[in-house]
Structure formats: C-alpha cells, structure tokens
Amino acid sequence: MREYLGPSDIANEISMKRSLFSGSFLVVEGTTDARLYGKFIDRCECEIIPAHSKDNVISSVKEMTERRNDGKVIGIIDPDTDTLRGIGRKPPLFVTDNRDLDTMLVRSGALDCVLTEYADNGKIERFVSRYGEIRDSLTAACYHLGLLMYVSERNEYGLSFKDLDHQTFTDRRSMRTDIDLMLRAVIENSQRPRADMQTIKTKLIKETDDEHDPWDVCRGHDLISVLAIGLRDIFGSYNCKHITSGALAGALRLAYDIFDMMSTRLFEDIEKWCRSNGMTVWVSHKRSVNREVISGPGALR
C-alpha cells in the first residue's frame, strides 16, 4: 500500500495530527530514515512522518508550508545526484551531508564501531598496508558505479541499478572494481538500455576526469555491499562469515550516535532554522556532552 501513497496523503496525515499536536513535524523518505532520525529528535516537541519516497517529501512539505500555511513542517531528503547536477535545496527542505543517508553512516564514526565488532585487527592491518585505508578503498570501489548512475541519468541511458550483485565485479582480495565487468553487469541488469557498452564507457571515463567528491558520488547501498564482501572474504572475524548488506546497514544505524549526528551540517542547518522559526526538532539535553575520541582498528577517518 505504501507505494500508492502520494504527497496529498502525507499532507492529510499531518493535518489530521495537527489538531492534537502543536509541535514540529519532520518528514523523511522512508521507515529506516525515520528509525535513525528518531533517535535524535525531541519526541515531546517533534513527530516523524515517513513519506515513502523522496518526491513525496518534497511535495508534501511544499503543500503544508505553501498551501496549508503550516510553518512547523520540515523535510530531510537524500541529494542523490542533485549535488552533481548543481541542484540545491532551501529550507524547509534539508539534505544529508553526503550522497545519501547510508553514505553519511559509512563516513561517520559508526563504521569504526562496526569494524571493532566485526573485523579482525590483524587482517585489517594487512589490508590497509597493502591497499590503503578502509574508507578510501570503499569509495574507490564504488566511485565509478555511483558516477555511472549520474551519467545514465544525464544522458537518459535508462540503466537499472536495482538488485545488482556486487560480487560479480568486486575483487575479493582488494575490494577493487573491474569497470568492464561492472558495466556489463549494469547493462545486463537493464531493460533496453539506450546506448551500447562502449558509448557508455567513453562517457563514464570522460566524467571521471572531473574528479568529483567521492562522498557526493558513492551510493551508500554500494558502499555497504562492498563492505560486506570485505568482511566476509577479506578482513572479517569469525562472527561475520555470512553477514548480509542488510544486516550491516542495520548495524551502522545502531552504531550511529548523537555525537555523529551533531557533527553533521544537516544537524546544524536544522538547528539554526528551528531557532529562527520557533521550532524544536533535535534533543537538546545532550548537546553539552563532550565526545571522547577513541582510536581503534581504524581511526579510519
């Protein structure tokens, strides 16, 4: 049923709740977003509404603020390829610091916590000495795939990136990506792509020359899928031989804490907006807590 919900349904839900609740509403893309951000909101002053799509967030927030004159509704969306395309957003819409929420998780201290739990220290050290830091290896592995999505959108190639098997093009020793195997996997995964492999590859290589910020390019889903391969086959300990990318994404969300959230531009932008508009979204009583930086198998930042 969720796929049939439109922005008007989300706006109507907020309007119905408004009769009993005078606080802020935070509209987010999906249920996993709601679970994560729900750890950091003041539940007495703010309620989260999953909108079940990015477009629904954008349109329902616009509906509430511009047509229904409700000034206490904001939304959080992933930029996806918006940053690469030069598309910006203005409050009451806010975007994650990086390409999407999962990318933001991998870039944060949550990754260090997950590696402490699941990685073998000796194997990590050997991997890093040979191939480089974990985060750098992950972004290098996923950069061309994220860029390919942008190239496909910009040129209307009609490529599909859903349900890719990253194991078919990821080296199980280095986590490096074979670009030709990746292109072949994406093209085979797509229905009637509107360009051949060589044309697409030429465009992709040309786009690579622009040297975009990898954290704006790499999809979090891809980063986590490659990390799962690394943990299962390269540097994981005995307790993660069968770990899935879904379980790994859940572990990262659990490990992501208030201090990680407070260090983001997203947190600061929303906090500033709330102060200017008489709203409350984030929990405030933890802001004075100082974070002790713990180094571990990764001081991987």
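Description of the structure in this document. Keep in mind that what you see is a predicted model, and the values were worked out from it rather than measured.

Criteria and thresholds
- Residues numbered from 1 in each chain as written.
- Predicted model: local features only at pLDDT ≥ 70, side-chain atom pairs only at ≥ 80, totals over all residues.
- Heavy atoms only, no water.
- Pairing = 2+ DSSP bridges.
- Helix = DSSP H or I, 4+ residues; strand = E, 2+ residues; numbered from the N terminus.
- Axes fitted to C-alpha atoms, helices over the stretch in contact; angles between N-to-C directions.
- Contact = heavy atoms within 4.5 Å.
- 1 Å grid on protein atoms, 1.4 Å probe; cavity = no way out; pocket = protein on both sides within 12 Å on 5 of 7 lines; lining within 4 Å.
- Points joined across faces, edges and corners; volume = space filled by probe spheres on them.
- Phe/Tyr/Trp six-rings, centres within 6.5 Å; stacked < 30°, edge-to-face > 60°.
- Buried < 20%, exposed > 50% of the residue type's maximum accessible area, 1.4 Å probe, protein only.

As summarised here, the arrangement of the four strands in space is E2-E1-E3-E4, forming an open sheet in which the pairing is parallel. Strands at the two margins of the open sheet, each flanked by one partner only, are strand E2 (46–50) and strand E4 (93–95). Strand-to-strand, the axes of this sheet are offset by a mean angle of 25°, without reference to chain direction. Strand direction decides the pairing type here: strand E3 (residues 73–77) and E4, joined by three bridges, are parallel. For Ile77, the partnering residue across the bridge sits in E4 and is Val95. Strands in contact with helix H1 (residues 7–18) are strand E1 (24–28), E2 and E3; relative to E2, the strand with the most contacts, it is inclined by about 155°. Helix H14 (residues 265–277) rests against E3 and E4 of the sheet, and its axis sits at about 160° to E4.

A separate point is the layout of surface pockets. It is a probe the size of a water molecule, rolled over the atoms, that shows where empty space is left. Here the largest pocket defines a volume of roughly 720 Å³. Lining of the largest pocket is provided by 24 residues; of these, Asp78, Asp80, Asp100, Arg219 and His221 occupy positions nearest its centre. Mapped by element, the contributors of at least two residues to the lining of the largest pocket are helix H2 (31–37), helix H3 (54–67), helix H4 (101–107), helix H7 (134–155) and helix H11 (220–235).

Here we take up the packing of aromatic side chains. Enumeration according to the criterion identifies six aromatic pairs in this entry. Here the aromatic rings of Phe40 and Tyr256 are separated by 6.0 Å at their centres, their planes lie at 65°, and the arrangement is edge-to-face. A residue pair is termed long-range when its members are at least 10 positions apart, and Phe40 in the loop between H2 and E2 and Tyr256 in the loop between helix H12 (245–255) and helix H13 (258–262) qualify at 216 residues. Comparing Phe40 with Tyr256 shows no difference in burial state: the two are buried. Here the aromatic rings of Phe127 and Phe235 are separated by 5.3 Å at their centres, their planes lie at 65°, and the arrangement is edge-to-face.

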